[in-house]
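# Descriptive structure summary
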Amino acid sequence: MSLPFNKPHLTGKEAHYMYQAVLAGKLSGNGEFTKRCQAWFEARYGFRKTLLTTSGTDALEMCAMLCELKPGDEVIVPSYTFVSTALAFLREGANVVFADSMKRNPNLDAELLESLITPRTRVIVPVHYAGVACDMDAIMAVAEKHHLLVVEDAAQAIDSYYKGKPLGSIGHLAAFSFHETKNITAGGEGGLLVVNDERFVRRAEIIWEKGTNRAEFFRGEVNKYGWVDMGSSFLPSEVNAAFLWAQLENIDEIQAKRRQLWEHYYERLLPLAQRGCFSMPDLPDYATNNAHMFYLVFPDYEHRTAFIKYLKENGVGAVFHYLSLHSSEYYKSRHDGRELPECDRYADCLVRLPLFYDLSLEEVDKITDLIHQYYAT
Ligand SMILES: *Cc1c(COP(=O)(O)O)cnc(C)c1O
């Protein structure tokens, strides 16, 4: 057996739409496919305004620019996340204050938020780990009380919900990723900025278009365009938007297949979880499952390391995930020294199993059989 951890999925229409984009003769950003994708997100999820970006990291950087941070302003970010969640705000001169995860799942623990807030706190950045919602009512209540902005890092959270509300629609701003490891890809790299608060719409378009009011010019709202603010080049090419469009057209099928694989893992591994070998993903009542990831949490680092080694020897690409950012080489000397035990536990004990569209139920059977054999001896 040789099963990779991830394999990007093609729906079959990607090359067709990419060719259409080429034939249309306009390949730079903000063309027909970009507009089509953005309109799709706005209609399906009720996002106020969306802008495609070249990556999820770029969408987070746009969020950070829109927050207009001053040196010394503080941004609360979970430590158990991808580098970009913190980096986007650090680049804008903010101090990142790392938060611990919950015991039940790796999401930021909303009950600890009050203890992290100071007069300098400006933003909270919940990350919906594995596409499972953070407790957004609790987070939004703290934000409202202290007049903070909320930026959802929804990189993994496409087509997932909190109490019936789409993730990415609750905070003032949100970022999605279409990297090849996510459920939907824009051809390897891609992202989406979501603006839910009207106040940020105009400036988001300007930042997206290198600090110019070009978007307004193209809509005929001004008769010339020029440099009006900060910005950068955050637009993806039409080739990437065309690729993304082929995936969006098939999103229901992609999500249904992933969910079926996820549930198959869950059922097959439940007896071992009940025996205490490891714990499985815990979905709170308020969250849906977009089947972004299937993970197990082991009792300790040694168990996890031996488990990954065993699967690797049997041709299965199981992998661990984040190292806590507060103890990373780059950040550890800047961290305020608080211990974040849950983040460290996930860093040491979590394993992700292969989960991608082209995986079959029979392959999940083979993987879970291997795991059962491991615990039979
Ligand atoms: C993937 C990911 C990102 C970054 O997205 P890119 O498109 O790879 O730049 C940021 N945050 C989280 C939580 C992610 O999973």
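A brief look at the structure comes next. (Residues numbered from 1 in each chain as written. Predicted model: local features only at pLDDT ≥ 70, side-chain atom pairs only at ≥ 80, totals over all residues. Heavy atoms only, no water.)

## Here's the deal with the sheet that holds strand β3 (residues 95–99)
One open sheet accounts for 7 strands, arranged β1-β9-β8-β5-β4-β2-β3; its pairing is mixed. Strands at the two margins of the open sheet, each flanked by one partner only, are β1 (49–53) and β3. The average angle at which neighbouring strand axes cross in this sheet is 25°, direction not considered. Note that β1 and strand β9 (residues 191–195) share 5 bridges and pair antiparallel. For threonine 53, the partnering residue across the bridge sits in β9 and is glycine 191. Against the sheet, helix α2 (residues 32–45) contacts β1 and β9, and its axis sits at roughly 135° relative to β1. Strands β1, β5 (149–153), β8 (173–177) and β9 of the sheet are contacted by helix α3 (residues 56–66), whose axis makes an angle of about 165° with β8. (Pairing = 2+ DSSP bridges. Helix = DSSP H or I, 4+ residues; strand = E, 2+ residues; numbered from the N terminus. Axes fitted to C-alpha atoms, helices over the stretch in contact; angles between N-to-C directions. Contact = heavy atoms within 4.5 Å.)

## A few points about the packing of aromatic side chains
Working definition: an aromatic ring pair is given by the centre-to-centre distance plus the angle between the planes. Scanning the entire structure with this criterion turns up 26 aromatic pairs. For the ring pair tryptophan 40 and phenylalanine 41, a centre distance of 5.0 Å and an interplane angle of 90° mean the geometry is edge-to-face. Here the two residues tryptophan 40 and phenylalanine 41 agree in accessibility, since each one is buried. Considering the side-chain rings of tyrosine 162 and tyrosine 286, the 5.1 Å spacing of their centres and the 55° angle between planes classify their relative orientation as tilted. With a gap of 124 residues between them, tyrosine 162 in strand β6 (residues 161–162) and tyrosine 286 in the loop between α10 (251–274) and β10 (294–297) connect regions that are remote in the sequence. Like tyrosine 162, the residue tyrosine 286 is buried in the burial classification. Between lysine 257 and the ring centre of tyrosine 357, over which it is positioned, the NZ or CZ distance is 5.0 Å. The residue whose ring lies beneath arginine 334 is tyrosine 330, and the NZ or CZ to ring-centre distance is 4.3 Å. (Phe/Tyr/Trp six-rings, centres within 6.5 Å; stacked < 30°, edge-to-face > 60°. Buried < 20%, exposed > 50% of the residue type's maximum accessible area, 1.4 Å probe, protein only. Lys NZ or Arg CZ within 6 Å of the ring centre and 35° of its normal.)

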